[in-house]
Structures are given as structure tokens and as C-alpha cells.
Protein chains: 4
Amino acid sequence: MLRIAVLGCGRIGRMHIANIAAHPRSKLAVVYDTHTPTAQAVAEEFATTAARSADEIFADSGVDAVLIATATDTHADLIEAAVAAGKPVLCEKPIDLSLARVNACAKKIAGTNVPIQIGFNRRFDPGHKAARDAVVAGEIGKLHQVMITSRDPGMPDRNYIEAAGGIFRDMVIHDFDLARFMLGEEPVEVFAIGGRLIDPDLMDELNDHDTTMIIMRTASGRQCQINTSRASNYGYDQRIELLGSAGMIQSQNRKPNAVRKFGAQTVESATPYLEFFIERYREAFDAEIDAFIDTVENNQPVQSSFEDGHRALILAEAAIKSVAEGRFINIKEVN
Amino acid sequence: MLRIAVLGCGRIGRMHIANIAAHPRSKLAVVYDTHTPTAQAVAEEFATTAARSADEIFADSGVDAVLIATATDTHADLIEAAVAAGKPVLCEKPIDLSLARVNACAKKIAGTNVPIQIGFNRRFDPGHKAARDAVVAGEIGKLHQVMITSRDPGMPDRNYIEAAGGIFRDMVIHDFDLARFMLGEEPVEVFAIGGRLIDPDLMDELNDHDTTMIIMRTASGRQCQINTSRASNYGYDQRIELLGSAGMIQSQNRKPNAVRKFGAQTVESATPYLEFFIERYREAFDAEIDAFIDTVENNQPVQSSFEDGHRALILAEAAIKSVAEGRFINIKEVN
Amino acid sequence: MLRIAVLGCGRIGRMHIANIAAHPRSKLAVVYDTHTPTAQAVAEEFATTAARSADEIFADSGVDAVLIATATDTHADLIEAAVAAGKPVLCEKPIDLSLARVNACAKKIAGTNVPIQIGFNRRFDPGHKAARDAVVAGEIGKLHQVMITSRDPGMPDRNYIEAAGGIFRDMVIHDFDLARFMLGEEPVEVFAIGGRLIDPDLMDELNDHDTTMIIMRTASGRQCQINTSRASNYGYDQRIELLGSAGMIQSQNRKPNAVRKFGAQTVESATPYLEFFIERYREAFDAEIDAFIDTVENNQPVQSSFEDGHRALILAEAAIKSVAEGRFINIKEVN
Amino acid sequence: MLRIAVLGCGRIGRMHIANIAAHPRSKLAVVYDTHTPTAQAVAEEFATTAARSADEIFADSGVDAVLIATATDTHADLIEAAVAAGKPVLCEKPIDLSLARVNACAKKIAGTNVPIQIGFNRRFDPGHKAARDAVVAGEIGKLHQVMITSRDPGMPDRNYIEAAGGIFRDMVIHDFDLARFMLGEEPVEVFAIGGRLIDPDLMDELNDHDTTMIIMRTASGRQCQINTSRASNYGYDQRIELLGSAGMIQSQNRKPNAVRKFGAQTVESATPYLEFFIERYREAFDAEIDAFIDTVENNQPVQSSFEDGHRALILAEAAIKSVAEGRFINIKEVN
């Protein structure tokens, strides 16, 4: 039983807390939040204790590992502290909104053997993983193209957007990671466009985008295409398509049940998709914890590493530069 | 070019006339209808002539074959006349509503080598046929069960129903034929129930049914299940399912296009099914003509024979008897 | 937290034990099995204790309720004992293979207010339940027909079959219950056929069947059709179809993921279905426990009652009689 | 009956000849091919005559309209000749591989009221058209993104590729036209990449590409994404997806039948897609002829005009420039 402390008791932190508490191979050791009443309420609900500080957790010998789900601008500091304390880390994405800060963090922790896993949950989705496994097993021959569709079910609120660092660093970063995972090679060139189609006024004011399209290419010539939207009115849409020389594989959307309805206007209508990420990627979040435990307890390789977090951010930076300049950006230009 | 005369210019007759006229291997020779103005109008539309009588057609050396699409109670007489005249026949189902009359007709034409094909169009549907072909090719091992779903899109009008001979002889007879085709063996026992759920008053008055379920079994033990409805509000529903020891095959519904719609209430909604039989079984009606031409011109075996029409009617009679007596009826009891 | 004791540590008992242990609203109180080493091993695995007898459990004030997953021939005795001890019961189906024994049990416990829930898990499946809810909500108008497809992925071993009481009492009983649940009315007439198509020698020897078809009718005329097979080589197949005057609803199969593969031979191929019942009905088994807790703790009505277990067995008896006599059997004839 | 002459008796010409001959509203007037024996054989097969020259056709008062299906480099000349002769034209795409030649042709025919339709058949596909119609009807609110997947089932032979003008002018030009049709606005910026993944040696030698990805944007900010492959081993793949503020629509692939197969390895497997374009777009080619007849006989507007052919070529030129320069190309730069 891995004793895991959770730092950050917001929406995603609470989800991890519940998952860790229910997981047969982990135990919720202690929780922490900068807002003490929140931490105490969560601690009570899950029959554990609330730490008074992050440092208290890093010093606690009853804590085997930490999960970081705090505000983004604290991630790098906490990763460094955890590494210093020798506590394995599972940290929510992104590592930081600043590539300079991520580079500095990378330098600081260079050479550590403390495991650091970044929370790119989608890699662990049974469907997405089965698709990737099939490619690795050679089922579609040589991989030629990767297509990713990624649409959130609605615009986040203004506060969230203001702090999020822009759609590429906040939302599309998941798709950049998934693209790297599916391509099996590093994209070296990035082209992107950003649109203000859903809430033009807000996007103008915040200099952000709500709708994007991206093309990437690896050194060997594999191609990748991403399209994203902040507000798909028919629900959370998460699809991957992999085209190879000998076949094609899709990982399609998950539905809450397998009901189909037939009426005078439409037939074969399905129940709307599972939303939002907590429901859609439920198995993925569990498998992510599982993989983390395997890394810490059984020396399995980290499946979604600090360097993966670093690389995804580089792609986001390249996309942002491409939007500004209307060019295919080589990732060397941003790193 | 097979020169085909068409007797009967009603809905189904007109459809055959158009098909024959457009078919690259057939030529519309002449048309006939008891209602002369109808025949003349159709003749004009398709640039042919209208015969003054059926006899004129049977005597016409410019007619290679006849298609009978007249009122049901004339079918047997016209088949006999065609056989006497040596004209190959493609006759709409059913041969007659009376099993005695069919038996008498069979006796009269016994030994003829004039080809007689009965219009069981569904056998010729590309999907249904591909399903049957896969069974014959051994793709699902030994066949165990056949499931047929057959729902018309709406109640016919009262006049039609009054003349139709009851749902088993009129509508379900198609499914009895399809069951025999799919089973590859003769059903020897029949159980059926009939319901009055759609229009109970009319069904009571006419002593008919609008909703049925049937179970049949062959001598070797293969099982078959049919469900039918006169009025499926979501459209014409025509499905077949074949279960074998090594797999399962479905022939599902056809749709007019491959569009899927996604909205706030439902996702993956398809365009309603093709209806009615003229649209749904368009390729089947063409393939039926094709098969007829192959039989007449190339001595290919009849694919849907007089005996097939006879056997389907026996199953209908057994079903009617089963509804009355609540028993598994052996087909010997009705023949 | 409802403290539940589990009697019976076989396959299904173990599954319930794991579910109860992980459920946020229940606690595994104690376990029992006639084979003591099994009970002890399970107790150790789930960090609880093993009782030395069933009586010890019924006398235990630390036990709020019991789940009975023992051999079928002990169910009725244990239900009676639980009722006598005032312990709410969740008992696996069937109550007993003998209708006389079930009737006697019913008589003995008549008037009790101790809740008794029978383990008809399929009622709790999210898809099946959503389908039924839609009917109740009037989405398809008046219900006319219910179609149930139910195929197990492989023949059970000989020992299981010998003790199971025949396919109707063992396997089809689930479908009889589901039919009652979906029809919303009591079937009053039953017709059934049984085939020996998968393992004819074994079925002959044991006087059992491996393949069945059933038709049932309610007093108001609603129709129901079931087809079952012990060995579907493509996996566990569980489908329901509901036809009404204003639409149709299907609850289709669940798949482990939403991957589709495309190759030179086939396209849009899905991953094989979840099997067997423990995986396919995982959410249903959880929801079953949930409903039981709601009944015990919140006085919610039992959703799958002793009487439901009784009625399903009556339908099985009617089906067996129908197979023997080739008749539509009125349920009064067997009760 | 519109009397149509067909110039060019190659694969696509023959298809049009058969369609025109079978169409209820058209008559095949005469055929022509530079290879006289081919023209004569086709004329014989379709019971018509072969002209000795194109000029003979333009001078023929028995010809109401012409369909041009000759080699690409003759299209512009023949369009000009047809316009001079006052014969309405249905010309296969592309108008010419040279934008300069198309511009010159446009200048020469400027102001003519002779109808000129370009053979962008996909606009007439029932599924694609229904998708576009739904957008026009407001079913998905404001259109935000268009996604087009377009994969041919195999590499054309070397001779074809050498004459085709490159993948963008030859194959992707269909997708550029479809993108314009679906967007309802003119794309003003184009980014494209081209890959040599299927047959790198041949592509290197011919300086062509076999795999592409494209992003386009309209003046109002609508986004479009295309991915193409010359060789999809699972068949001809033709899909469109339209995302709007109030929903999403897909026009998916057509299959030859609605059969699904279930076995031990895969379930729900469909029959491979219809291929190639002649089968997949059969209804579209018919509807294209229909629209042409409506234009000539009933003064309906041309649905796929010379200017559409012109615009699609401009997009192809912009894509080619983008591949060379790695930039978002404004279409003004190439026109």
C-alpha cells in the first residue's frame, strides 16, 4: 500500500483524493490546501488528516509519495521540494506556464532518481492506449498520420481562463502530449491557427483563442493534425485516428450506456457523451495512479515523465509563435 | 434483350415497368391493366403500347416473358395461362390466398419446363444475400438460430387490408420466405401469436392482426424467430440475424445517406431509414429482374420458385392455425 | 455504513465481497463458506474475519444485513433464517430450483417486514434501466413488443450444468425477470422451444437444452420474444429492444473501449464485448448493492423482490412445460 | 430529353456515357475520342455513333450540350470551342493544370451566357449535400470548423501521376472544392504540408507528394482542415465533419451493404467501403447530370461553375506555394 499525500484540494485534487482512497494499492496519507477549511473538510470526509503546510508533508516519514494538484504556479517549486525530500511525485499538468521556469526546474532536479510523473491522464485511457498498442504491435504497418479531435463541452469561466496561460498551454497541451505519445517520434515543426469564434469579445480582451487547428511534422515525416474547440454543445469530444500503411485505427468517444433511440425524426440516436474529463477519463485517472504505484514500488519506468511535460510545453510555445508569425515553427526556435 | 410484358399497372406494377424499361438487359414489350386508361397512361409514359387483354399478350410473339403484378386473385389463372402459352413468368407474391387454389395450380402446371419465378424480392437484397452467402461459405460454422425483424412504416388503408388475406398471408409471407432462405432447411413446426395493438377496433372488425411473433423449427432442430409490426413510427425496419456455432451475422437497415448529427439532446443520430419497400429494396428488385433474365436466357435455376411460393403459404396457414389453437403446428397438418 | 455479511465465497460471492468492501456506503462485516479454508483465505484478503457458521452470523449484532451467495439449495433455508433473525437479505437468484420449496418459503415468511432483495442484477444495468425509464416516461408511446437476446460466451462445465436445474431455471430465469421488468405487466402465457445444438450428447444425457426461443404474452396483449444460447463464440451478448407505438429503444452491448479497426478485410471492427457477467454488469452489481442499502437504510422499496424471484421461476416452469407439450402454457397451469 | 455528346471515352468518359444513356432525362447523342477505335467500340456498345472530330460535334444541330472528359490539357480549348458554338458544357475537373491558362480561358469566355458546369461530383453526393443543407438550415448554428478526410484506395500508376500535375492539383482539388462548398465562404489563407510516405522513391523522382495535410481560414475566421492519402489500404475513405456553435454533423463513408459480422477476434465488422469513386459517388454522378439538365433546360443556376473550378485551382496553387515556403499563404499571392 503506497501512502500518498495530496497537495491541493480543488476539483482535480478532490478527484485524485477519492481515487487514491478507493484504490486497492494506495492509502490516502494526508491532504493539504492553502485554504485550511477546505483541507479540513476534505480530510474529514475521507477519514484522514490535514497537514498545516506542504513542508510538513515533505518531512513526514509516513508519506511515501506526493500528488501535486495545487495552483499551476506552485508546481515547479513543489516538484523541487519533493525531489529534495526524496518523495516520488505525481504532478498535475502543466509543470509551469513559463518555459524558462520549466527549464530552470529541469536543471535543478537534473540527475535525480526520484520518480516524477506528470498528469497526462489521456495516455492511460484504455481506448487510446489500445490504439497506441496496436500501432506498436505493427497492426497498421508504418504510421503515417495522426488526427486528434479535442473539444471541451463549454467555455470555462473568466477567472479560469485568465489564469490558464492561453488555450495552447492550458487545453491543447493535453493534445500535444497525446500527439507525441501516438506519433512515437518527436514533432519538430509546428503550425497553428487560433480563432475567436465562440466568445470573440472575451477572447479579444484576454488575447486568447477558443478554437484552434494545428499541423505538426516529425523528423521522419510523420504528420499530425489537431483540431480543438472550447465549447462543443453536444458534449466532450475526444477522438484519435491513426493512419498507417496497412490499416487505420480510431479511438472514439465513450458513452454512459449503449442505448440507441429510434423515432419519427431520427434513428439510432445515442446517449450524449460522458462529460467532463473526470467521467470520460475515469479509468484513465485510475490507471494513472496504478502506473505511478508501479513506478514507485516496482521500479517500472515513468510513463509520463517530467521531460514529457517539458516537451508538450515546447510544442505549445511553438504553436503560439506560429499563430503570431503565420509560419511553420521549428521547435529549436522556442527552446 | 428480354422482351417482357407487364400485367398490372398498380404501384408495384409501375415500379417493375420502370425497372424493366431502364434495365440494360430487358425491354418493356407491352403493358396491360384491367383499368384501360391506367394502362394507356403508363404505356405512353414508357413509350410502349397497352394490350387490350391478357390473352393478347400471351399470344404475342414479340413477348418473350411476362411479369404478373395484377390483383392477387388473378395470379394463379395468369400463371396457368402463361405456362399454357409457354411464356416464362415472374409473378408477384402471393400465388393465391387459398392454399387449395395453389395446390390446384401446382397440379395443373406440374411437369412444365416454363420457368416460373415468384416475387420474393428480399432474397435478392445485397445485404441479406451477402449474409446468406457467408453462412453457406461456412463463416459462422453450423447455423443454429435465425432472427427476423420486419416492421412496416404504417398501417395500410382499410381497402388494402380487407383484400389482403390477413397479416400472415400478406405481410409475414415475405418473412416466411426469408426464413426458409436463411435457414437452408424447411421449417416443420410453427408457433405464432397475433396481436391487435395498433388499431384494435379495425383488427377486431376484420378479424385480423397488426403485430405478430413467430417461432419455427426445422427437422434438424434449427430455430427461427420472427417479429412483425404493421406500424413502426420510426420507419421501415428490416433486419436479419444469423447465429452459428462459429460466429454471428447481421443484415441491418439501409439508410439514404451516411450522415450523423450531434446536438445537445442526442448524438450520432442517423437519417431515418429508407422507406418503403420500393426504396429500401431498390437493388433487390433490380437483381430480381436480373435473375429472371438469367433463368430465361441462360437456363440458370429459378432462385425463388413456384414451390417457394407454395411453401411460404403453407407456413402462413400453419401460423394462422397456431394463433387459433395455441399450439406448435406441424406443417403436415395444413397441407 | 451498512455492515454486510457475505455467506458463500465462490465466484459470485467473492465478487460481492470485493464490491461491498470497496463501496463507499457499505462495510464488509464477516464472511462465511462451508469450505472453511476458502472462507479464511477470503477473510484474510479482505481484512475481515470468517464466521464458523451461518448461525453465528445471524446472531451477530455487528451484522446489519446479509448477502447470500451460497449453493442454490441452501437459499430458501438461509432466507428463512435471516428473516427469523431480522437481518435484511440480498440473495442470489434463484430462490430455489423447486417451485414447491419457493411457495413454502413464501408462506413461512409471509407478512415479514424484513427486506428481501433477489439478485436480478440486470435490472440495475445503466443501459437496461435507461431503456425502461424511457418507456415509463412515455418516450415510445404504448409498449407493444419486447425482444431479448441473451447469449453466454461458452458452455459451463458439466458439474455446473448438472446442478443448475436446466437452462430455463438457471440461465433464462434472468431473461424472464428482465422481460417482466421491461413489459411492466405480468406475462400470462408462455411458449418455449429448447434445442440441443451446441453439445447434443451432453444435453441428451442430462435432458437439458443449450439453445432456446420463447414467446410470452401479457393479459393486455403485450408480446415478448427471447432467444438464448449457451455458447456465443463472439462473446457475451446481452441486448434488449422495446417497440412502442411512438418509437423504439435498444439497449445494446457494452464494449471494453471505443476502438474501431480498419483493414483490408473488414472495417469499423470493434473490440470484442465485455465478458462475462462480472465485467459486463459491473455497474449493475454496484447499483444492486446501492439499491439494497437504500432499502435497508432509507426504507426505499425493494427493487427486485422475493415475489419477483417467485414469478420468474413460475415463468421458467411454464417454459419447461411448454417444451414438453408444445403448447402455449397459461401460468396458472404451473402455480 | 437533353441530347448530350460526350468527348473522351476513357474511364470517366465511359462512366458518364453509361449514366447519360440510362438517365430518364437525357439521351446520348454521339461520342468522340482521339483514339478512333475506342470511340467506335463505345458507340457500338451504347447504340450511338462516333464523331470523327470534336468540331463535328460542335457543329451538330442534334447535339444540345457536351460533356468533356478528354485529357486535361484539352479542357480549356474545348470549353472555349463549346462556348463559341453555343453548346452548354459539363467539363471534368480540373479546367487546366496551369492557372495562367485558366485565367486566359476565363477572359476569353467572359460574359458568355452559355452554361459551364465543372465536374466537382462530390458536391452532389446525397450525404455531403444533406450535411451542407443542414448547415444552411441553421441546424448547427454558426459554422466554426470544417474537417475533411480524403483517402484514395491506392497509388495511381506512374503514367497517371506524371501527367496529373501533382497531388494538390489532381486529387486534393476535389477537397478544396468541397471545403469551399462546406465553408460557405472563400478561404483566404492556406497552409499545407506534403509527405512522401507511401512511395518515397517515386515521389522524390517526380517531385510529388502522396500524403498531405492542409489548414485554411476564411476572412471571417472559419477554419478548415484537410488530410489526404493516396493509398488507404482499407479502401476509399471520404468523410466530412462540420462543427458549429449549436451542433456537429458528419457525412461518413458509404458501404455496399449493411452487413455486420461477429467472430472470436472482432465484432460489428462492416463490409469494406465502396470503392472507387465511380461506385462511391454513383448517386453523385447521376445528380450531377441531373443538375446540368436543370441548368440547360430550366435555367437553374450552375451549381459547380467555371469560377468554382478556377477558385479550387487557386487554392491548390496556394497549397503548393505553402509547401515550398512553410508559410500561411494568402490567396492573393498566387492570383
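Predicted, not measured: the structure shown is a model, and the values here were computed from it. (Residues numbered from 1 in each chain as written. Chains lettered and ligands numbered in written order. Predicted model: local features only at pLDDT ≥ 70, side-chain atom pairs only at ≥ 80, totals over all residues. Heavy atoms only, no water.)

As for the overall build of chain A
Line of reasoning, step 1. Assigned secondary structure in chain A consists of 13 helices and 14 strands.
Line of reasoning, step 2. In terms of C-alpha radius of gyration, chain A reaches 20 Å, essentially the compact-globule figure of 20 Å for 335 residues.
Line of reasoning, step 3. Each principal axis of the C-alpha distribution contributes one length, and for chain A these read about 55 × 55 × 50 Å.
Line of reasoning, step 4. Relative to its 335 residues, chain A shows a buried fraction of 59%.
Line of reasoning, step 5. A fraction of 71% describes how many contacts in chain A between residues 6 or more apart in sequence connect residues 24 or more apart.
Line of reasoning, step 6. With the model as given, the accessible surface of chain A reaches about 12100 Å², and the carbon-plus-sulfur share is 48%. (Helix = DSSP H or I, 4+ residues; strand = E, 2+ residues; numbered from the N terminus. Rg over C-alpha atoms; globule rule 2.2 N^0.38 Å. Buried < 20%, exposed > 50% of the residue type's maximum accessible area, 1.4 Å probe, protein only. Contact = heavy atoms within 4.5 Å. Areas by Shrake-Rupley, 256 points an atom, 1.4 Å probe, with all protein chains shown as cover.)

Some details on the UniProt feature "domain: GFO/IDH/MocA-like oxidoreductase" (unreviewed entry) in chain A
Line of reasoning, step 1. Using the residue numbers shown here, the UniProt feature "domain: GFO/IDH/MocA-like oxidoreductase" (unreviewed entry) corresponds to residues 129-249 of chain A.
Line of reasoning, step 2. Secondary structure across residues 129-249 of chain A divides into 31% helix and 36% strand, with the first and last C-alpha atoms of the span separated by 12 Å. (UniProt positions renumbered as here; feature names shortened; annotations may be inferred.)

Considerations on the interface of chain D and chain A
Line of reasoning, step 1. On the side of chain A, 42 residues touch chain D, which itself brings 42 residues to the contact.
Line of reasoning, step 2. Together chain D and chain A conceal approximately 3100 Å² of surface at their shared face, both sides included; 59% is due to carbon and sulfur atoms.
Line of reasoning, step 3. Applying the counting criterion to the chain D and chain A interface returns four salt bridges.
Line of reasoning, step 4. The interface formed by chain D and chain A holds 18 residue pairs in polar contact (both at pLDDT 80 or more) in total. (Buried area = accessible area lost by both parts, 1.4 Å probe. Salt bridge = Lys/Arg side-chain N within 4 Å of Asp/Glu carboxyl O. Polar contact = N/O pair within 3.5 Å; in protein donor to acceptor, adjacent residues only side chain to side chain.)

What to know about the relation of the copies chain D and chain A
Both copies of the chain are placed relative to one another by a rotation about an axis and a shift along it.
Line of reasoning, step 1. Mapping chain D onto chain A leaves a residual RMSD of 0.0 Å; the transformation is a rotation of 180 degrees accompanied by 0.0 Å of translation along its axis. On the angle and the small slide along the axis, the relation comes out as a two-fold axis. Relative to the rotation axis, the closest C-alpha in chain D is found at R327 of chain D, a distance of 2.3 Å. (Least-squares fit on C-alpha atoms with pLDDT ≥ 70 in both.)

Some remarks on the pattern of salt bridges
Residues and elements named next belong to chain C.
Line of reasoning, step 1. According to the stated counting rule, one finds 148 salt bridges over all chains in the structure shown.
Line of reasoning, step 2. Across the pair D237 and R151 runs a salt bridge whose closest N-O atoms are separated by 3.3 Å. Within this pair, whereas D237 is found in strand β10 (residues 237-244), its partner R151 is found in strand β6 (residues 143-151), the two being separated by 86 residues in sequence. This pair shows no difference in class: D237 is buried, exactly as R151 is.

A look at the relation of the copies chain B and chain A
Line of reasoning, step 1. Once turned by 180 degrees and shifted 0.0 Å along the axis, chain B lies on chain A with an RMSD of 0.0 Å.
Line of reasoning, step 2. The share of interface residues of chain B whose copies in chain A are also at the interface is 100%, consistent with both copies meeting through the same surface.

Regarding the side chain of K93 of chain C
Line of reasoning, step 1. Tracing the backbone through its elements, the reader meets K93 of chain C in the loop between β4 (89-91) and α5 (99-109).
Line of reasoning, step 2. Excluding residues within four positions of it along the chain, K93 of chain C makes contact with H75, I118, G119, F120, D170, I173 and H174 of chain C.

Things to note about the packing of aromatic side chains
Line of reasoning, step 1. Counting across every chain of the model gives 34 aromatic pairs over all chains.
Line of reasoning, step 2. Residues F191 of chain B and F191 of chain C carry aromatic rings whose centres are separated by 3.7 Å and whose planes lie at 5 degrees to one another, so their mutual orientation is stacked. Highlighted residues: F191 of chain B in strand β7 (residues 187-195) and F191 of chain C in strand β7 (residues 187-195), drawn from two different chains. Like F191 of chain B, the residue F191 of chain C is buried in the burial classification.
Line of reasoning, step 3. Taking the centre distance of 6.5 Å and the plane angle of 45 degrees together, the rings of Y273 of chain C and F262 of chain D count as tilted. Residue Y273 of chain C is located in the loop between β13 (269-270) and α11 (277-280), and its partner F262 of chain D is located in strand β12 (residues 259-262); the two belong to separate chains.
Line of reasoning, step 4. Accessibility expressed as a relative area gives 6% for F262 of chain D, which makes it buried.
Line of reasoning, step 5. Here a set of aromatic residues connected by ring pairs shows up, and it is made of Y236, F276, F277, Y281 and F285 of chain A.
Line of reasoning, step 6. Here the guanidinium or amino end of R280 of chain B rests over the ring plane of Y281 of chain B, the centre of that ring lying 4.4 Å away. (Phe/Tyr/Trp six-rings, centres within 6.5 Å; stacked < 30°, edge-to-face > 60°. Lys NZ or Arg CZ within 6 Å of the ring centre and 35° of its normal.)

Description of the interface of chain B and chain A
Line of reasoning, step 1. Each side of the interface is counted separately: chain B has 16 residues, and chain A has 16 residues.
Line of reasoning, step 2. Buried surface at the junction of chain B and chain A, summed over both partners, amounts to about 1300 Å²; 51% is from carbon and sulfur atoms.
Line of reasoning, step 3. When the buried area of chain B at its contact with chain A is split by residue, Y234, V267 and E268 of chain B rank highest and sum to 36% of it.
Line of reasoning, step 4. Put simply, chain B and chain A have four salt bridges between them.
Line of reasoning, step 5. Ionic pairing is found between E268 of chain A and R260 of chain B, a salt bridge with its closest N-O pair at 2.6 Å.
Line of reasoning, step 6. At the boundary of chain B with chain A, the tally comes to nine residue pairs in polar contact (both at pLDDT 80 or more).
Line of reasoning, step 7. Those elements that place two or more of their residues in the side of chain B that touches chain A are β12 (259-262) and β13 (269-270) of chain B.

Points about the packing of helix α5 (residues 99-109) of chain D against helix α13 (residues 306-325) of chain D
Residues and elements named next belong to chain D.
Line of reasoning, step 1. With their axes 10 Å apart at the nearest point, α5 and α13 run at an angle of 160 degrees to one another. It follows that α5 is roughly antiparallel to α13 by the angle criterion. For the crossing formed where α5 meets α13, the hand is left-handed. When α5 is examined against α13, the residues L99, V102, N103, C105, A106 and I109 are found in contact with a partner set consisting of F306, H310, L313, I314 and E317. (Axes fitted to C-alpha atoms, helices over the stretch in contact; angles between N-to-C directions. Parallel < 35°, antiparallel > 145°, perpendicular 65-115°, else oblique. Left-handed = near helix turned anticlockwise from the far one by under 90°.)

Notes on the sheet that holds strand β1 (residues 2-7) of chain D
What holds strands together in a sheet is hydrogen bonding between their backbones, with the strands either parallel or antiparallel.
All names here are of chain D.
Line of reasoning, step 1. One open sheet holds the five strands; their spatial order is β2-β1-β3-β4-β5, and the pairing between them is parallel. Looking at the sheet topology across the chains shown, the edges are occupied by β2 (26-32) and β5 (116-118). Between one strand axis and the next, the sheet turns by 20 degrees as a mean value, whatever way the strands run. (Pairing = 2+ DSSP bridges.)

Regarding unusual backbone geometry
All names here are of chain A.
Line of reasoning, step 1. Here K93 and P94 are connected by a cis peptide whose omega angle stands at -10 degrees.
Line of reasoning, step 2. With respect to the helices and strands, P94 occurs in the loop between β4 (89-91) and α5 (99-109).
Line of reasoning, step 3. E275 connects to F276 through a cis peptide bond whose omega is 5 degrees.
Line of reasoning, step 4. Turning to its location among the elements, F276 is positioned in the loop between β13 (269-270) and α11 (277-280).
Line of reasoning, step 5. With phi around 55 degrees, N299 is a residue other than glycine that occupies positive phi space.
Line of reasoning, step 6. Summarising the element assignment, N299 is placed in the loop between α12 (282-298) and α13 (306-325).
Line of reasoning, step 7. Overall, N299 belongs to the exposed group, its relative accessible area being 68%.

Structural notes on the sheet that holds strand β11 (residues 247-251) of chain B
Line of reasoning, step 1. Read across the open sheet, the nine strands follow the order β14(B)-β7(B)-β8(B)-β9(B)-β6(B)-β10(B)-β11(B)-β12(D)-β13(D); overall the sheet is mixed. Looking at which strands have only one partner, the edges of the open sheet turn out to be β14 (329-330) of chain B together with β13 (269-270) of chain D.
Line of reasoning, step 2. Taken together, the two bridges between β12 of chain D and β13 of chain D define a ladder with antiparallel strand orientation. Opposite K261 of chain D, over in β13 of chain D, you have S269 of chain D as the bridge partner.
Line of reasoning, step 3. Lying on the sheet, helix α13 (residues 306-325) of chain B is in contact with β7, β8 (211-218) and β14 of chain B; it crosses β7 of chain B at an angle near 55 degrees.

Overview of the UniProt feature "domain: Gfo/Idh/MocA-like oxidoreductase N-terminal" (unreviewed entry) in chain A
Line of reasoning, step 1. The feature "domain: Gfo/Idh/MocA-like oxidoreductase N-terminal" (unreviewed entry), as annotated in UniProt, sits at residues 2-120 of chain A in this numbering.
Line of reasoning, step 2. For the annotated span residues 2-120 of chain A, helix accounts for 41% and strand for 19% of the residues, and the straight-line distance between the end C-alpha atoms is 21 Å.

Let's talk about the pairing of β2 of chain D
Look at any regular strand and the pattern is simple: side chains alternate between the two faces of the sheet.
Residue and element names in this part refer to chain D.
Line of reasoning, step 1. Of all seven residues in β2, five are buried, a share of seventy percent or more.
Line of reasoning, step 2. Two strands pair when backbone bridges link them, and β1 and β2 are joined in this way by six bridges, in the parallel orientation. Within β2, the position partnered with L7 by the bridge is Y32.
Line of reasoning, step 3. For the segment spanning β1, helix α1 (residues 11-22) and β2, crossover handedness is right-handed. (Right-handed = clockwise from strand over helix to strand, strands pointing away.)

Concerning the state of the cysteines
Line of reasoning, step 1. Scanning all chains against the criterion turns up zero disulfides over all chains.
Line of reasoning, step 2. Here C224 of chain A is not disulfide-linked; the sulfur of C224 of chain D is the nearest cysteine sulfur, at 17 Å.
Line of reasoning, step 3. Overall, C224 of chain A belongs to the buried group, its relative accessible area being 1%. (Disulfide = S-S within 2.5 Å.)

Considerations on the domain arrangement of chain A
Residues and elements named next belong to chain A.
Line of reasoning, step 1. Taken domain by domain, chain A consists of domain 1 (2-114) and domain 2 (122-280 + 300-334).
Line of reasoning, step 2. Computed from C-alpha atoms alone, the centre-to-centre distance between domain 1 and domain 2 is 26 Å.
Line of reasoning, step 3. Counting from both sides, the interface comprises 16 residues of domain 1 and, opposite them, 17 residues of domain 2.
Line of reasoning, step 4. The contact between domain 1 and domain 2 buries some 1300 Å² in all, and 77% of this surface belongs to carbon and sulfur atoms.
Line of reasoning, step 5. Ranking the residues of domain 1 by area buried against domain 2 places K93, L97 and L99 at the top, with a combined share of 44%.
Line of reasoning, step 6. Where domain 1 meets domain 2, there are one salt bridge.
Line of reasoning, step 7. One salt bridge connects K93 with D170, and the closest N-O pair in it is separated by 3.9 Å.
Line of reasoning, step 8. Scanning the region where domain 1 abuts domain 2 turns up three residue pairs in polar contact (both at pLDDT 80 or more). (Domains from an automatic or database assignment.)

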